[in-house]
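Chain residues, written in single-letter form:
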Amino acid sequence: MTIKFILLVNKQGQTRLAKYTDEFLSVDERVMLEGEIVRKCLSRTEKQCSIIQHRNYKVIYRRYASLFFLVGVDEEENELAIMEFIHCVVETMDRYFGNVCELDIMFHIEKAHYLLDEMVANGTILDTNRTNVLTPLQMLDKQQQSS
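Attention here is on the structure that accompanies the text. What you are looking at is a predicted structure, and each value in this text was computed from that prediction instead of being measured.

### Quick notes on the environment of L33
Step number 1: The residue L33 is located in helix α1 (residues 27–42) in this model.
Step number 2: With a relative accessible area of 0%, L33 lands in the buried category.
Step number 3: Between the alpha carbons of L33 and D74 there is a distance of 15 Å; along the sequence they are 41 residues apart.
Step number 4: Among all residues touching L33, those that are not within four sequence positions of it are F5, Y20, L25, H54, R55 and Y57.

In structure tokens form, the structure reads like this:
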């Protein structure tokens, strides 16, 4: 599995979290790519498919409440596996934040990145077990509270 990027975007098209594993994209190219993809995804109706083709990426997205979770992958990637991965990310964030919302991401961006880093490395899904993903973060929280 090769995930090229993960974006969390609100309904207004503002990126709240971006994680790239494609090191060949410059910052300017990333900003331009985000704008194009977000406009494409937000302009689609709920009855349309949640998979789009953009440049050399296949973009799979889902909307949960006010957030869109977008994942860009290689052409030959399994769309259903990525849809399941998105759902797993949302469930993991829900368990940690307690019904994740845009404000949780904005005020705890480092924790959201940490969760994704525990699940994905170099574009490969490492772990989808919520307990395994959340344990290090919960231990870190306990350590911060005790100090």
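### Concerning the packing of helix α2 (residues 79–97) against helix α4 (residues 109–119)
Step number 1: α4 packs onto α2 with a crossing angle of 135 degrees between their chain directions and a minimal axis gap of 11 Å. Accordingly, the angle class assigned to the pair α2 and α4 is oblique. Where α2 crosses over α4, the handedness of that crossing is right-handed. Residues F85, C88, V89, T92, M93, Y96 and F97 of α2 form the contact with α4, whose own contacting residues are K111, A112, L115, L116 and M119.
Step number 2: Residue classes in the contact of α2 with α4 are distributed as ten nonpolar, one polar and one charged.

### A look at the pattern of salt bridges
Step number 1: Taken as a whole and judged by the stated rule, the model has eight salt bridges.
Step number 2: For E36, the salt bridge goes to R55, with nearest N and O atoms at 2.8 Å. A residue pair is termed long-range when its members are at least 10 positions apart, and E36 in helix α1 and R55 in the loop between β3 (51–54) and β4 (57–64) qualify at 19 residues.
Step number 3: Accessibility expressed as a relative area gives 42% for R55, which makes it partly exposed.
Step number 4: K58 serves as the salt-bridge partner of E79, at 2.9 Å between the closest nitrogen and oxygen. Of this pair, E79 sits in helix α2 while K58 sits in strand β4, placing them 21 residues apart in sequence.
Step number 5: Since its relative accessible area comes to 8%, K58 is described here as buried.

Conventions adopted
- Sequence positions are assigned chain by chain, starting from 1 and proceeding in written order.
- Residues qualify for local features only when their pLDDT is at least 70, as the model is predicted, and side-chain atom pairs are given and counted only at 80 or more; totals for whole chains, interfaces and linings, by contrast, use all residues.
- Hydrogens and water molecules were not included; the side-chain quantities draw on all heavy atoms of the structure.
- Only runs of H or I of at least four residues qualify as helices and only runs of E of at least two qualify as strands under DSSP, and these elements are numbered from the N terminus.
- Each residue gets one of three labels from its accessible area relative to the maximum for its type: buried under 20%, exposed over 50%, partly exposed in between, using a 1.4 Å probe on protein chains only.
- Residue contacts are counted whenever heavy atoms from the two residues lie within 4.5 Å of one another.
- To obtain each axis, a line is fitted to C-alpha atoms, and for helices this fit is confined to the stretch in contact; angles are then taken between N-to-C directions over 0 to 180 degrees.
- Any angle that is under 35 degrees is reported as roughly parallel, and any over 145 degrees as roughly antiparallel; angles of 65 to 115 degrees are reported as roughly perpendicular and all others as oblique.
- Crossing handedness follows the turn of the near helix against the far one: under a right angle anticlockwise gives a left-handed crossing, and clockwise gives a right-handed one.
- Under the scheme applied here, ten amino acids are nonpolar (Ala, Val, Leu, Ile, Met, Phe, Trp, Tyr, Cys and Pro), four are charged (Asp, Glu, Lys and Arg), and all others, including Gly, are polar.
- The term salt bridge refers to a side-chain nitrogen of Lys or Arg lying within 4 Å of a carboxyl oxygen of Asp or Glu.

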